[in-house]
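Architecture and fold: a report
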Protein chains: 2
Amino acid sequence: MIDRAGGAAAFAAACLIAPAAIALPQPDTFELRNGMQVVVIEDHRAPVVTHMVWYRVGAADEPRGQSGVAHYFEHLMFKGTRAVPSGEFSRTVARNGGQDNAFTSQDYTAYFERIAADRLEVVMRMEADRMRNLAITPDLILAERDVIVEERRQRIDNNPTAVLGERMLAMLYPHHPYGTPVIGWLHEIEDLSFADAQTFYRTWYAPNNAILVIAGDVTPERVRTLAERTYGRVRPTRDLPARDWVRDPPDIGPMRVVHRDEKVRQPSISRLYRAISYSTDAGRQAHALDVAMEILGGSETSRLYRALVEDQQLAVSAGAQANTSGLGGGSVGLFATPAAGIEVAALETAMDAVVAEFLRDGPTEEELARAKNKLAAAAIYAQDSQDSLARIFGASLAQGESIADVVTWQDDIMAVTKDDALAIARETLNLDRSVTGVLLPAEAAP
Amino acid sequence: MIDRAGGAAAFAAACLIAPAAIALPQPDTFELRNGMQVVVIEDHRAPVVTHMVWYRVGAADEPRGQSGVAHYFEHLMFKGTRAVPSGEFSRTVARNGGQDNAFTSQDYTAYFERIAADRLEVVMRMEADRMRNLAITPDLILAERDVIVEERRQRIDNNPTAVLGERMLAMLYPHHPYGTPVIGWLHEIEDLSFADAQTFYRTWYAPNNAILVIAGDVTPERVRTLAERTYGRVRPTRDLPARDWVRDPPDIGPMRVVHRDEKVRQPSISRLYRAISYSTDAGRQAHALDVAMEILGGSETSRLYRALVEDQQLAVSAGAQANTSGLGGGSVGLFATPAAGIEVAALETAMDAVVAEFLRDGPTEEELARAKNKLAAAAIYAQDSQDSLARIFGASLAQGESIADVVTWQDDIMAVTKDDALAIARETLNLDRSVTGVLLPAEAAP
């Protein structure tokens, strides 16, 4: 599964709030002797646990020419060890009443299980086993490659919005690895070999490159005991590579791309700008950017929605998103779908005018307060979901933040001023670092 | 010096005809025991020789994150060996009445000297010496890096046309190394280290990765004697890396980029399409593409010039170029400069109409004959220049062609049919594989 909330998937991000960015109570954390970091979030409301292992490796770490190998490897992790044959991992979890899944982003690869608290050791044993002991064969690998080729066809190539998004990211990041899709370029997926997969596994899958996050009906003491008995026995990797990604030249645009496809029923326009992220910013700039984008387009009370949908009736939807969680930087996006009979060009002009007015005058006090309250409230809602709790800490740590960054997030959001929000909006919403994408039906006139 | 006729430099190519593509008489060729290829083109009109060493390495072979190192290394090659101290190479050539220079493209790095025929051994000795024996120091390397940063500022960053060209190539090749500029991204040039340069030198500079081309008043026998005495003593490299470049996804557009700069006096529009090259095509497709682009925009009698400049008076210049010499593929380009008072958008619409008409109807017999004769004539003119002769064979061999490809080029051009030219033009001039670039003054309205 490709994690759409990850680094470069900005525009397609399912959730408005970066998962790396919600204030929560302090969890317990410790490190095993082999370097594996452990985070425990006690949640005794029900006798279940969410168990996640986050590897500090994602698509952005792939060797050049082997795009897709990180996600490919996520699939292979279900293909069995000597102790747990292919398919048996998920069957064992299900037999014990649990669920499991995995996801890959530019920045991380994560495996999770939700299971009754008294079965926790079962999944820890199996997860620790497959960290090193996968018994994959060339035949298995070839078969799974076909599965991924088909997954790419369905998720990207048959989806005009995804095709456009992939092209926009390739333009926004001409050099940085975020320009390469997480699932990989088709011709490179087709060329992935057994040796590529083996090398990737041996290089990156190690306890000293992993974060164990357990949320649920468990104590830190019990987790420590179980972790030492399972993960604690896995030897660390000595020469873990640095996650040293190439950077892009600063100014590259303004760029545009048009994608026409007969499957498009509704034209739309979107724009991505390169941005800072929680991992790359100094001080509270990423917080201020989240607030600014919330004001500009985070809801139906935002500038873009009110102007384009309600007042001018040029659009049936309009908004903005901030993807501020990437280890290698972030992005922000604007999007709008024209109302019937409205040309995309006219909608774009109106959208640009809303942005220009916002950048000229900045937010009102009322807008600022509303946006901060809404973002801060999300931190409270997140505590209702054990899965969210575990994901927030896991993703944040895997993307270079500290537990303190997560815990103080809510306060930091509340500290953002009008000037902070306006300054980072002005810096970010710069067409010289943007790609505008237009999606049109095949039959539309040029 | 950056070689603008190389691989990706399509649009800026100084000469209309790909240097890799001109039919000439058969030269003598042989190989030294260490794998160095030697080509001798006898030319006894004057007692001078042109001596070139072509290395099969260019910017496209650079390690990721070290863009610019190939060109940087070209500079370092003048920094001295134990036998020939820094600066002494060029001084010795000059003292002997000669000239020397060097150039780097995506596909190759070449060093050349023109000197009196009886001094040939002097340059062969010095060139063979610096193939392995450079005595570069970290201090020297840092100083030269500043020279290159300044070169980049002058050639690219202060030149709006070059900035736009760099961005267009980055978009046209989102993954392939041709998307990275030969001179390198500024922030990567600034980070180049002594170790990067040393590794690049040791990896690629070797007799079995080099082609010696000597044109002039010399015999193959004498060249062999001198070559065995000089280059023949240089040990080959055992594990020369494969030149195995990543490829791009097939369809990526249509894309656009606008560059505004206060230094722009005259707006212009250009478009690049990805294309085949002599190295990647099958049969005579590259020949047919050269012919098609000559008809479309190669001269003042071309379709584009006549329609846009003469008939409609929308442009002060208009034309097309084919860059069909890249080892990793080629590109073709269209360009036009609007007449006073004409909007770029109107000019683009008219340009598109000329292309559409050409792709619908194809060339006339008269156009075909004129284009083929013009291209073939260039092969004849090239024989007047010793430098051109040497460059054509050197570049063609360094870019994966054979001597036979060069020798039969003129005949192959004459064999192109109307259908050949139309078929490859239709395949190539596809907006889904194109970038349109617009250059505007800073003050112009959007």
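Every value quoted in this text rests on a predicted model; they were computed, and no experiment measured them. (Residues numbered from 1 in each chain as written. Chains lettered and ligands numbered in written order. Predicted model: local features only at pLDDT ≥ 70, side-chain atom pairs only at ≥ 80, totals over all residues. Heavy atoms only, no water.)

**Things to note about the interface of chain B and chain A**
- Contacts between the two partners involve 25 residues from chain B and, on the opposite side, 25 residues from chain A.
- Buried area between chain B and chain A, summed over both chains or domains, comes out near 2200 Å², and the portion from carbon and sulfur atoms is 53%.
- Contact with chain A buries surface across chain B, with B:Arg64, B:His175 and B:His187 losing the most and accounting together for 28% of the total.
- Where chain B packs against chain A, one counts two salt bridges.
- Taking the shortest distance from any N to any O, the salt bridge between B:Arg247 and A:Asp191 comes out at 3.9 Å. (Contact = heavy atoms within 4.5 Å. Buried area = accessible area lost by both parts, 1.4 Å probe. Salt bridge = Lys/Arg side-chain N within 4 Å of Asp/Glu carboxyl O.)

**Quick notes on the relation of the copies chain B and chain A**
- For these two chains of identical sequence, chain B goes onto chain A by a turn of 180° and a shift of 0.0 Å along the axis, with RMSD 0.0 Å. One copy is carried onto the other by what is essentially a two-fold rotation axis. By C-alpha distance to the rotation axis, the residue of chain B lying nearest is B:Arg256, at 2.4 Å.
- A symmetric contact is evident, with 100% of the interface residues of chain B recurring at the interface of chain A. (Least-squares fit on C-alpha atoms with pLDDT ≥ 70 in both.)

**Re unusual backbone geometry**
- In the segment running from A:Gly253 into A:Pro254, the intervening peptide bond is cis, with an omega of 0°.
- Within the chain, B:Gln313 stands out as a residue other than glycine whose phi angle is a positive 50°.
- Mapping B:Gln313 onto the fold places it in the loop between helix 10 (303-311) and strand 9 (315-323).
- With a relative accessible area of 56%, B:Gln313 lands in the exposed category. (Helix = DSSP H or I, 4+ residues; strand = E, 2+ residues; numbered from the N terminus. Buried < 20%, exposed > 50% of the residue type's maximum accessible area, 1.4 Å probe, protein only.)

**What to know about the packing of aromatic side chains**
- Here the structure, examined in full by the defined rule, presents 28 aromatic pairs over all chains.
- Aromatic pair A:Phe103 and A:Tyr108: ring centres 6.4 Å apart, planes at 80°, arrangement edge-to-face.
- Consider the rings of B:Tyr111 and B:Tyr205, whose centres lie 6.3 Å apart with planes at 65°: the pair is edge-to-face. Of this pair, B:Tyr111 sits in strand 5 (residues 109-116) while B:Tyr205 sits in the loop between helix 7 (194-204) and strand 6 (210-216), placing them 94 residues apart in sequence. For the residue pair B:Tyr111 and B:Tyr205, the accessibility class agrees, reading buried in each case. (Phe/Tyr/Trp six-rings, centres within 6.5 Å; stacked < 30°, edge-to-face > 60°.)

**Quick word on helix 2 (residues 88-95) of chain A**
All names here are of chain A.
- The set of residues buried in helix 2 consists of Glu88, Phe89, Thr92 and Val93. Taken end-on, helix 2 shows its buried residues confined to a sector of 135°, consistent with a single buried face.
- On its buried side, helix 2 packs onto strand 4 (99-104), strand 5 (109-116) and helix 3 (120-130).
- Following helix 2 by one or two positions, glycine 97 has its phi on the positive side, about 85°. (Arc of directions from axis to C-beta.)

**Some thoughts on helix 16 (residues 418-428) of chain A**
- Along helix 16 of chain A, the positions that sit buried rather than exposed are A:Ala421, A:Leu422, A:Ile424, A:Ala425 and A:Thr428.
- On its buried face, helix 16 of chain A sits against strand 8 (268-275), helix 9 (285-297), strand 10 (330-338) and helix 11 (344-361) of chain A.

**Regarding the side chain of B:Arg152**
Residue and element names in this part refer to chain B.
- Within the secondary structure, arginine 152 is located in helix 4 (residues 138-157).
- Exposure remark for arginine 152: the relative accessible area of 4% places this residue in the buried category.
- At 2.9 Å, the side chain of arginine 152 forms a polar contact with the side chain of glutamate 166.
- Not counting residues up to four positions away in its chain, the partners in contact with arginine 152 are Asp157, Glu166, Pro181, Ile183, Gly184, Trp185, Leu186 and Ile189. (Polar contact = N/O pair within 3.5 Å; in protein donor to acceptor, adjacent residues only side chain to side chain.)

**A word on the domain arrangement of chain A**
Residue and element names in this part refer to chain A.
- Domain parsing of chain A yields domain 1 (8-12 + 22-233) and domain 2 (255-441).
- With centres defined by C-alpha atoms, the gap from domain 1 to domain 2 works out at 28 Å.
- Counting residues at the interface gives 45 residues for domain 1, matched by 54 residues for domain 2.
- Counting the contacts that link domain 1 with domain 2 gives one salt bridge.
- A salt bridge links aspartate 384 to arginine 45, with the shortest nitrogen-to-oxygen separation between them at 3.9 Å.
- In this assembly, domain 1 and domain 2 are joined by 12 residue pairs in polar contact (both at pLDDT 80 or more).
- Of all the secondary-structure elements, those providing two or more residues to the side of domain 1 that touches domain 2 are strand 2 (37-42), strand 3 (48-55), strand 5, helix 5 (160-172) and strand 6 (210-216).
- A per-element tally of the side of domain 1 that touches domain 2 places helix 5 first, with nine residues.
- Looking at side-chain class alone, the side of domain 1 that touches domain 2 contains 31 nonpolar, eight polar and six charged residues. (Domains from an automatic or database assignment. Nonpolar A, V, L, I, M, F, W, Y, C, P; charged D, E, K, R; others polar.)

**Remarks on the side chain of B:Thr180**
- Here B:Thr180 shows up in the loop between helix 5 (160-172) and helix 6 (186-189).
- If we skip the residues at most four places from it in the chain, B:Thr180 touches A:His175, B:Ser67, B:Gln106 and B:Trp185.

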